[in-house]
Amino acid sequence: MDEGTKTIIDKLIKKHKPGENAVVSIFQDVQEQQGYLSEDAIRYVSEKLEIPVSRAFSVATFYSAFSLTPLGRNRVHVCLGTACHIKGADNIAGRISRQLKIKPGETTGDRKFSLHKVRCLGCCALAPVVKVNDDTYAGVSQDQVVSVLEKYR
Amino acid sequence: MKIKKMQDLNKLKKSGEQQLFPSGIKITVGLATCGIARGADKVHDAFKKELQKQKVKATVVPVGCSGWCSREPIVNIIIPRMPKITLGDVSEDDIPGIVRNLKNRHIPESKILYRTDAEENIADGRVRKYASASQAATSGKIPAYGTLPLFKKQKKIALRNCGLINPADIQEYVARGGFKAAYSAVTGMKPEKIITEVQRSGLRGRGGAGFPVGKKWEMARQAEGKKKYIICNADEGDPGAYMDRSILEGDPFSVLEGMIIAAFSIGASEGYIYVRGEYPLAVKQVTKAILQAKRSGLLGRNMFGTDFSFNVNVEKGAGAFVCGEETALIASIEGYSGEPVPRPPYPVEKGLWGLPTCINNVETLANIPVVLSRGGTWFSRIGTGKSKGTKIFSLVGAVERVGLVEVPMGISLKEIVYDIGGGIAGGRKLKAVQTGGPSGGCIPKRLADISVDYESLTKAGSIMGSGGMIVMDDRTCMVDVAKYFMSFLKDESCGKCLPCREGTQAVFEILDRITRGRGRTKDIEQLKDVCEAMSQASMCALGKTAANPVLSTLRYFGKEYDEHIKKRRCSAGVCSALIRFSINADKCIGCEACRKACPCEAVSGKPRKMHKISVKKCIKCRACYEVCPVKAVEIR
């Protein structure tokens, strides 16, 4: 692991109250800053917090907020909540999949996009909903979603 | 300033009231997540810019969600001595015009939703007027708040401040009667007395299971431990429910006040709010609120000059539905994978780090200050025999007016869907209403008269749950709905116990087979068997209730399952393996919309000539169906 990553993690560990329970929060920060949890990062955090590597990996693989592979620069989240589902969210996800040529959970070869399914963003009144990074798109149609993606190319 | 005495609180209240009922013009913009998704942040900024440009003096204040989500962005304009005016569907382009008119104390009518002449503050029962009766009369043409069908049957207790106050300003919360209940409780009431009052109210947990809150507090009070915790469960994972998000984004102090009262009653000194990671704005607002409360001495050491000390931390969830289950939630705070453990012991005896822990849901806690300030008896008069108070529902799906509504328990499902929700959108027919999320079920149209309370919903094979209410019309396939929930549950099952891990997968596979037209007659029996095993043998509520969406659809929509299995047909036109798209020659106008929309060149045809869909090329994505202006695309 490069020294830069180490410094980042050291800083994050310092920010949180020391204690083994901080592992989730620290991983959240690493995920946010580095875009994924590398094996080195997971091992380093487990060493620093003095918790077994197995436990650190269990946490890293249990929660859907963590990715063990680098994500794309733009993260496309298709909401699959109940309201979105009955308003055709599957077809929206399908359209994005075909457009980007990746399945949910994958990242495009050029690392521009990664596609995620999310179980309800809590904007059910605006279904179907797609979120790209921090921007939420309400009531999107299959056509619209294609032009939305173009904005981020 | 640190709040020590009632006078201090009153001072804060005064300055807050000046902000709520200002001497100048005030504009509020609903800036909760759904508002922002519709561009409310741009509207907010545009107001600021335009007021400066046109040199009009007015304040612009962000507020939370007022519940009418389908009309976002929502803007309120408060002009002294005039009724408060609420505008809907406001866009950036409208702002210059609105500001220009403001100079003459005029509001253009086109975007007006309703007016508010006076507001009742449910925390103390007092009514505060915006305008005198004579002034209100001059606005007669504009409908008044209480007369609109959407609001007429609502009663807002937990949502009392959402959309009214700036969630990031403690003074405005205090101005609405906030922290008075906490002050009275901590400085003048015995914990036992508070618990009795909560018991008298009949308030039950709003997170799903409906356990009596007073009883839980009493158990936590009696439990022994060197330290006790209170946790606010804000891991609102049920798809289709967003009331907790709305409260945290629009009125975080109400939850904090509820936590203070709970902590004092059970003897807890530390609290956690476990918020879903998918709700970044809620995390932000609640973190801000804690900081402000600390600065005002409304959290921290020796609160209100007593020896009671209490602190609250925020924990952000990392995307696991099962963490809404209380033992999994605790595991997550402790820094483990969110896997539940068998109960008993219950968290009230042995919870966070093995110490007594009381876990209450967001909506439950938001009710607490009102229960205390108005009294348990007052609260218990609302609702039914065993289901007291109000419940918030996210009324979404195929309904005309989608939004967040708070209704007294005992109201009928029909009233919610038709009177409040305005009926089914697009003139279609009601088929079913799904309540309780993945642990709930689908209530068919013929039971629409059902009273909405804990017992009646359970009897109908569903549950109250956290309050998702998804209205489904005749284009919803109930087998597909069951499959949808099972797909959700198999993904979210933590995998610790076999009945849930394997059961959800097995049920999903059977349902998937049926929706693909490969179902067998014996599948129904097998579904029932696996469902029973899951319900009986799973360790936590996720697995125990996982069968509900399947069993309730089997119970009420068994014919649809039969149709899929025996006739290989999906009459709702949803299951893609069982449907075909075609163009009706009599209706087609040859506009080419479908040809252009088709992503796989399955539609052929020349301009102004009839179009055709190639069955071979069609991937059944519905794009053509959605764009056709004359409904010539048909599903069979």
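Since this is a predicted model, take the numbers as computed values, not measurements.

**Describing the overall build of chain A**
Here's step 1: Counting its secondary structure elements, chain A contains seven helices and four strands.
Here's step 2: Principal-axis analysis of the C-alpha atoms gives chain A an extent of 50 × 30 × 25 Å.
Here's step 3: For chain A, buried positions account for 55% of its 153 residues.
Here's step 4: Considering only intrachain contacts with a sequence separation of at least 6, the fraction spanning at least 24 residues in chain A is 60%.
Here's step 5: Across chain A, the 22 positively charged side chains and the 17 negatively charged ones have centroids separated by 6 Å.

**Considerations on the sheet that holds strand β2 (residues 113–118) of chain A**
Residues and elements named next belong to chain A.
Here's step 1: With mixed pairing, four strands are arranged side by side in an open sheet as β2-β1-β3-β4. The open sheet has two free edges, formed respectively by β2 and β4 (135–137), since each of these has just one partner strand. Taking each pair of neighbouring strands and ignoring which way they run, the sheet shows an average axis angle of 20 degrees.
Here's step 2: In the sheet, strand β1 (residues 74–79) pairs with strand β3 (residues 130–132) via three bridges, with the strands oriented antiparallel. Residue Val78 lies in a different strand from β3, and its bridge partner there is Val130.

**What about the pattern of salt bridges?**
All names here are of chain B.
Here's step 1: In this structure the tally under the stated criterion is 38 salt bridges over all chains.
Here's step 2: In this structure, Lys153 engages Asp419 in a salt bridge whose closest nitrogen and oxygen atoms are separated by 2.7 Å. Of this pair, Lys153 sits in the loop between α6 (149–152) and α7 (170–175) while Asp419 sits in helix α17 (residues 413–420), placing them 266 residues apart in sequence.

**So, the domain arrangement of chain B**
Here's step 1: Here the domain parsing of chain B yields domain 1 (18–150), domain 2 (179–378), domain 3 (390–473), domain 4 (478–567) and domain 5 (580–635).
Here's step 2: Of note, the centres of domain 4 of chain B and domain 5 of chain B, computed from C-alpha atoms alone, are 35 Å apart.

**Details of a positive patch on the surface**
Here's step 1: Together, Lys49(B), Lys53(B), Arg100(B) and Lys103(B) make up a region of like positive charge exposed at the surface.
Here's step 2: Mapped onto the elements of the fold, Lys49(B) is located in helix α3 (residues 40–53).

**As for helix α14 (residues 326–333) of chain B**
Here's step 1: Within α14(B), eight of the eight residues are buried, leaving the element largely enclosed by the surrounding structure.
Here's step 2: Considered for burial, the residues of α14(B) that qualify are Glu326(B), Thr327(B), Ala328(B), Leu329(B), Ile330(B), Ala331(B), Ser332(B) and Ile333(B).
Here's step 3: Those residues of α14(B) that are buried are in contact with α2 (23–34) of chain A together with α10 (213–222), β8 (229–234), β9 (270–275), β10 (311–316) and β11 (357–361) of chain B.
Here's step 4: A positive backbone phi angle near 90 degrees is found at Gly335(B), which sits one or two residues after α14(B).

**Here we look at the domain arrangement of chain A**
Frequently, the measure chosen for interface size is the accessible area that the parts lose on association.
Here's step 1: By the assigned domains, chain A splits into domain 1 (3–62) and domain 2 (74–150).
Here's step 2: Put simply, the middle of domain 1 of chain A and the middle of domain 2 of chain A, counted by C-alpha atoms, are 29 Å apart.

**A word on the nonpolar core**
Here's step 1: Membership of the largest hydrophobic core comes to 158 residues, with the highest contact counts inside it found for Ile96(A), Phe179(B), Trp217(B) and Phe310(B).
Here's step 2: Counting residues per element, this core draws most heavily on helix α12 (residues 252–266) of chain B, which supplies 10 residues.
Here's step 3: Apart from residues no more than four positions distant in its own chain, Trp217(B) is found in contact with Ile194(B), Ile195(B), Val198(B), Ile261(B), Ala262(B), Ser265(B), Ile266(B), Cys358(B), Asn360(B) and Ile368(B).
Here's step 4: The next biggest cluster of nonpolar side chains, apart from the first, holds 69 residues, and it includes Val30(A), Ile231(B), Tyr561(B) and Ile565(B).

**A look at helix α4 (residues 95–102) of chain B**
Note that an α-helix has 3.6 residues per turn; residues three or four places apart therefore point the same way.
Residue and element names in this part refer to chain B.
Here's step 1: Among all positions of α4, only Ile95, Ile98, Val99 and Leu102 are buried. Taken down its axis, α4 places every buried residue within 95 degrees of arc, on the same side.
Here's step 2: Contact partners of the buried residues in α4: β1 (25–30), α3, β3 (75–78) and β4 (84–87).

**A few points about the pairing of β3(B)**
Residues and elements named next belong to chain B.
Here's step 1: On β3, burial covers both faces: Val75 and Ile77 on one face and Asn76 and Ile78 on the other are all buried.
Here's step 2: With four bridges joining them, β1 and β3 adopt antiparallel strand pairing. The residue of β3 that forms the bridge with Thr28 is Asn76.
Here's step 3: Alignment of β3 against β4, held across three bridges, turns out to be antiparallel. Bridge pairing links Ile77 to Ile85 in β4.
Here's step 4: With antiparallel pairing between neighbouring strands as the criterion, β3 and β4 make up a hairpin whose turn holds five residues, including Arg81 at a positive phi of roughly 65 degrees.

Definitions and limits used
Residues numbered from 1 in each chain as written. Chains lettered and ligands numbered in written order. Predicted model: local features only at pLDDT ≥ 70, side-chain atom pairs only at ≥ 80, totals over all residues. Heavy atoms only, no water. Helix = DSSP H or I, 4+ residues; strand = E, 2+ residues; numbered from the N terminus. Buried < 20%, exposed > 50% of the residue type's maximum accessible area, 1.4 Å probe, protein only. Contact = heavy atoms within 4.5 Å. Lys, Arg positive; Asp, Glu negative; His and termini not counted. Charge placed at Lys NZ, Arg CZ, Asp CG, Glu CD. Pairing = 2+ DSSP bridges. Axes fitted to C-alpha atoms, helices over the stretch in contact; angles between N-to-C directions. Salt bridge = Lys/Arg side-chain N within 4 Å of Asp/Glu carboxyl O. Domains from an automatic or database assignment. Patch = residues over 30% accessible without salt bridge, like charges linked within 9 Å, V, L, I, M, F, W, Y side chains within 5 Å. Areas by Shrake-Rupley, 256 points an atom, 1.4 Å probe, with all protein chains shown as cover. Core = buried A, V, L, I, M, F, W, Y, C linked by side-chain atoms within 4.5 Å. Arc of directions from axis to C-beta.

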